[in-house]
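Chains, contacts and geometry: an overview
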Amino acid sequence: MDSFVFVAVLFAALCHAGWNAAVKRGLDPLATTILMAIGAALIGLAMLPFTGLPENAAWPFVIASVLIHIVYFAALIESYAAGDMGLVYPLARGSAPLMTAGATTLLLGEKLNGLGWTGIVTLAVGVLLLSLRGGRTGADQHLDRRAVFFALFTAVTICLYSVVDGIGGRTSGNPHSYTLAMFVGNSAIMLVYFLARRGFTALAPLPKLWPIGLFGGSLQLLSYGIVIWAMTKAPIAPVTALRETSVLFGAVLAFFLLKEPLKPARIAAALMIVCGLVLIRLS
């Protein structure tokens, strides 16, 4: 992985933490998520004439990714409804790199050297440690089981769509066109999911909040578009692991914007993440 790809994925991590904080800060996580999905789709539709459509071989991966993402968003929304961002976000994002590294090794034959594996494990453990004290106010001596379940289930979906999109981006002929097509399809499915849960009357207040949708949607599109592009330039596992450094940005956003506690144990865990980051870069 060259330096440009490395820095680009770190920037994608910052964008990812930004839109997750917006979802958690919003009054209604589901409505906020739908707004962002629509915003990303509108931007995608505007850009597709310039990038063109992905090659035919990539469309099964686009469809599979859309279906996995609807499960991902549903699990993420339930996670945020059950627990604080300081618990849910690190636990979901920290488990995913280990799952993805195992999956790409077994299924794709992408082998990592000792430094690479050590870096991914160190980063993942650091991310998981960030969540150990992440309960709701007054109940942070234990983990909320419902929040933990949905966070780990979210991690499984992250692993699945990472592998699918890594392969899909490589077979698409143009990872940017793949990303745009996937986000447009994802928006359509998410809208159906929203209407099934809330009904058409729930659409009425959404137009007033379109700036949130465009801002968050652009962050989603930019963040994941960079990741898919990076997975065409480097092995999938290290790229997805680097993306999880977003927990550092997420912890800072949770502290300043959401007023969630940032304790010494989480600072120590952040140092582990940085160590993992350095090892991945050196591998």
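Quick note: structure is the one above.
Residues numbered from 1 in each chain as written. Predicted model: local features only at pLDDT ≥ 70, side-chain atom pairs only at ≥ 80, totals over all residues. Heavy atoms only, no water.

**Let's talk about the overall build of the protein**
In plain terms, the rule: A helix here means a DSSP run of H or I that spans at least four residues, while a strand means a run of E at least two residues long, and both kinds are numbered starting from the N terminus. We take the radius of gyration over the C-alpha atoms and set the globule estimate at 2.2 Å times the residue count to the 0.38 power. Only protein chains enter the area calculation, which uses a 1.4 Å probe; residues under 20% of their type maximum are buried, those over 50% are exposed, and those in between are partly exposed. Contacts are residue-level and defined by heavy atoms, with any inter-residue pair within 4.5 Å sufficient.
Within the protein one finds 11 helices and 0 strands. Starting at the N terminus and ending at the C terminus, the protein contains elements arranged as α-α-α-α-α-α-α-α-α-α-α. Taken over the C-alpha trace, the protein has a radius of gyration of 18 Å; the compact-globule value for 283 residues is 19 Å, and the two agree within 12%. Classification of the 283 residues of the protein by burial places 53% in the buried group. Excluding contacts between residues fewer than 6 apart, the proportion of contacts in the protein whose partners are at least 24 apart in sequence is 88%.

**Examining the environment of Val62**
Mapped onto the fold, Val62 is located in helix α3 (residues 59-82). Accessibility expressed as a relative area gives 4% for Val62, which makes it buried. C-alpha separation for the pair Val62 and Phe150, spaced 88 residues apart in sequence, amounts to 24 Å. Those residues within four positions of Val62 in sequence are excluded, and the remaining contacts are Tyr178, Ala181 and Met182.

**Let's talk about the pattern of salt bridges**
To be explicit about the condition: A pair is scored as a salt bridge if a Lys or Arg side-chain nitrogen falls within 4 Å of a carboxyl oxygen belonging to Asp or Glu.
For the structure shown, the criterion picks out 3 salt bridges. Taking the shortest distance from any N to any O, the salt bridge between Glu78 and Arg197 comes out at 3.5 Å. Placement of Glu78 in helix α3 and of Arg197 in helix α7 (residues 175-198) is noted, with a sequence separation of 119 residues between them. Glu78 gets classed as buried once you look at its relative accessible area, which sits at 18%. By relative accessible area, which is 43% here, Arg197 ends up partly exposed. Note that Glu110 is salt-bridged to Arg170, the shortest N-O span being 2.8 Å. On the criterion of sequence distance, the pair formed by Glu110 in the loop between α4 (85-107) and α5 (114-129) and Arg170 in helix α6 (residues 145-171) is long-range, its members being 60 residues apart. On the basis of relative accessible area, Glu110 is assigned to the buried category, the value being 13%. For Arg170, a relative accessible area of 38% gives the class partly exposed. A single network of salt bridges, built from pairs that share partners, joins Glu78, Arg146 and Arg197.

**A few points about the packing of aromatic side chains**
The line we're drawing: Centre distance within 6.5 Å is the pairing criterion for rings of Phe, Tyr and Trp, where only the six-membered ring of Trp is used; planes under 30 degrees apart are then read as stacked, over 60 as edge-to-face, and the remainder as tilted.
On inspection of all chains with the given rule, the structure shows 5 aromatic pairs. Centre to centre, the rings of Phe4 and Trp229 are 5.9 Å apart; their planes meet at 80°, and the pair counts as edge-to-face. Of this pair, Phe4 sits in helix α1 (residues 3-25) while Trp229 is found in helix α8 (residues 210-231), placing the two residues 225 residues apart along the sequence. Ring geometry for Phe149 and Phe150: centres 5.3 Å apart, planes at 75°, overall edge-to-face.

**Here's the deal with a nonpolar patch on the surface**
As a reminder, the rule being used: Each patch is built from salt-bridge-free residues with over 30% relative accessible area, joining like charges within 9 Å and nonpolar side chains (Val, Leu, Ile, Met, Phe, Trp, Tyr) within 5 Å. Accessible surface is estimated by sampling points in the Shrake-Rupley manner with a 1.4 Å probe; for residues, cover comes only from the protein chains shown.
On the surface, a nonpolar cluster with roughly 330 Å² of combined accessible area is contributed by Leu98, Trp117, Val121, Val125 and Leu129. It is α5 that contributes the most residues to the nonpolar patch, 4 residues altogether. Within the secondary structure layout, Leu98 lies in helix α4.

**Describing the environment of His69**
Note on placement: His69 falls in helix α3. We classify His69 as buried; its relative accessible area is 6%. When the C-alpha positions of His69 and Thr51 are compared, they lie 22 Å apart, and in sequence the two are 18 residues distant.

**Looking at the environment of Leu206**
Inspection of the secondary structure puts Leu206 in the loop between α7 and α8. Overall, Leu206 belongs to the buried group, its relative accessible area being 7%. Expressed as a C-alpha distance, the spacing of Leu206 and Thr32, which sit 174 residues apart in the sequence, is 8.8 Å. Setting aside residues no more than four positions away along its own chain, Leu206 makes contact with Ala31, Ile34, Leu35 and Phe194.

Keep in mind that these numbers describe shape and distance, not what the molecule does.
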